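Each chain, letter by letter, is given below.
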Amino acid sequence: MAYIQFLGAAGTVTGSKHLINTGDLQVLIDCGMFQGKKEWREKNWQDLPIPAREIDAVILTHAHLDHCGWIPRLYKEGYKGKVYCTPATVDLCKVVLPDSGHLQEEEADFHNKHKSSKHDPALPLYTEEDAEECLKNFVAVPFYTDQKLSEKFQYRFVHAAHIMGSGMVEVTLGLNGSKKRLIFTGDIGRVRDSNIAPGKVVHEGPEEGEQTDILVMESTYGNREHPKTDVRPEMARLIRETLQRGGTVIVPAFAVERTQKFLFLLKEMMEAGDVPNVPVHVDSPMAIKAVEIFMNHAEEFTERAKALVAQYGSPLKWPNFHFDCTQEDSRKINDQKFPMVIVSSSGMVTGGRILHHLMHRLSDPHNLVLFIGFQSPGTRGQIIKSGAKSVRIFSQDVTIRARVAALEQFSDHADTPELLQWLRTFKSAPSQTWLVHGEPDAATKMQAALTQELKWNFNIAQYMQKVEID
Ligand SMILES: [Zn+2]
């Protein structure tokens, strides 16, 4: 029996791992890390239900950690195969995965120093070196090229328009003489209209006119709709008011693409005089590399993103914009008191240098924490965003007196109406549709809304569930 098994991102938005078992081959679509709630994070330490060495290939949709962050661990568990992904995803993983290893080493060191873990010694899930090592097995696969893992297993990437390099995986299986088609969407980007999704960087997709037997689709925004207004006036107002009262704006953001998108909009506002010209710190060990990767993949940009890049050139050359790569640079920011903007990762405040900045600045009501990305339940980002009075950072309760705001328009996830718009372009209804990558409430609401509109067979994937490919 050929089947799909949901080994992650089922019942939650993180830890994406979908196993396709054809009898001859076992292929993992995505191999993400669980983030957020402890009950899920603990699964990062558990073995897969099948031995890693028996997996034949990994096909990766994009470079967010909840899709790629468990790959170095898979190798540690004995995986010997390749990781297939698009060229931009390879470049992004080259910075994202070693950084993730580095953060986990730092976290383990911290716990060992402060004896704050029940494990002695506390260990990293994998190290920076483990991550560097596994990157040698990454294979760049261009979009729209047909690939064969075996005579019976073919696939290709089509644009998902979520982040740079993000692709959906179209799989064609030859089973018992008949062909079965499967689509794994990974994360799906916003609609094409740039007035509705201002600042959108990647343009093409999601691919229209699809046809498939089984659709495995994300449901992150199943219970919310994005505002359809231009984000820029509100973003300018929030930043301007904070700077005028002498505060600092702290922006947790994924280091590549989301950060650059924010920088270009900020630059435009400063040039227009909508925001005062204060120092901007992009604080990340991969700050410079992140800009270079961003500038190297202009092939995926929207016309508007291309125009901004053409007008302002590389952020590395902008006066008053600082790219802080070393820890020393990062520490110096803490000593500076005058108004400024700090952009740092991780985007959901699960680790990284953003922790130090928040530790220093959360208790000052002059400051503003500005979220420009999705915050998964249980993450510090979601706790701060929800209006909590304090948050735990480095084993301390830090009081939150700073103002907190969130701009949902930056989202790179389609909401239900946008997904509906895409699904309506399908040539016919899939025989099975499985919703993954959503919290239970989001998946349930999306299931209800889409079933009502389309009359398709929508199911919510359960963790560890096996689904027959019939
Ligand atoms: Zn993603």
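To be clear, the structure that these remarks concern was listed above.
Residues numbered from 1 in each chain as written. Predicted model: local features only at pLDDT ≥ 70, side-chain atom pairs only at ≥ 80, totals over all residues. Heavy atoms only, no water.

1. Brief notes about helix H14 (residues 440-454)
Across its 15 residues, H14 extends 21 Å between first and last C-alpha, which sits within 8% of the 21 Å expected from 1.5 Å per residue. The set of residues buried in H14 consists of Ala442, Ala443, Met446, Leu450 and Leu454. Mapping the buried residues of H14 onto a view down its axis gives an arc of 90°, with all of them on the same face. Looking at the buried side of H14, the elements it contacts are strand S11 (214-218), helix H13 (416-423), strand S20 (432-436) and strand S21 (458-460). (Helix = DSSP H or I, 4+ residues; strand = E, 2+ residues; numbered from the N terminus. Expected span 1.5 Å × (residues − 1). Buried < 20%, exposed > 50% of the residue type's maximum accessible area, 1.4 Å probe, protein only. Arc of directions from axis to C-beta. Contact = heavy atoms within 4.5 Å.)

2. Some points on the coordination of the zinc ion
Of the protein atoms, only His62 (NE2), His64 (ND1), His162 (NE2) and Asp187 (OD) coordinate the zinc ion, at distances of 2.1 to 2.2 Å. One can describe the donor arrangement at the zinc ion as irregular, given that its four donor atoms subtend angles of 92 to 162° at the metal. Written as a sequence motif, the donor arrangement for the zinc ion is H-x1-H-x97-H-x24-D. Taken together, the residues span a long stretch of sequence, with histidine 64 in the loop between strand S4 (57-59) and helix H2 (65-68) and aspartate 187 in the loop between strand S10 (178-184) and S11 at a distance of 123 residues. Each member of the pair histidine 64 and aspartate 187 is classed as buried. (Donors = N, O, S within 2.8 Å, 3.2 Å for Na, K, Ca; no water. Tetrahedral: all angles 85-135°; square planar, octahedral: opposite > 155°, others 65-115°.)

3. Examining empty space enclosed by the protein
Where empty space is left in the structure can be found by rolling a water-sized probe over the atoms. According to the stated counting rule, one finds four cavities of 30 Å³ or more in the structure shown. Along the wall of the second largest cavity there are 14 residues; nearest its centre are His18, Asp30, Thr185, Gly186 and Val436. Of the residues assigned to the lining of the second largest cavity, the class counts are four nonpolar, seven polar and three charged. (1 Å grid on protein atoms, 1.4 Å probe; cavity = no way out; pocket = protein on both sides within 12 Å on 5 of 7 lines; lining within 4 Å. Points joined across faces, edges and corners; volume = space filled by probe spheres on them. Nonpolar A, V, L, I, M, F, W, Y, C, P; charged D, E, K, R; others polar.)

Keep in mind these numbers describe shape, not what the thing actually does.
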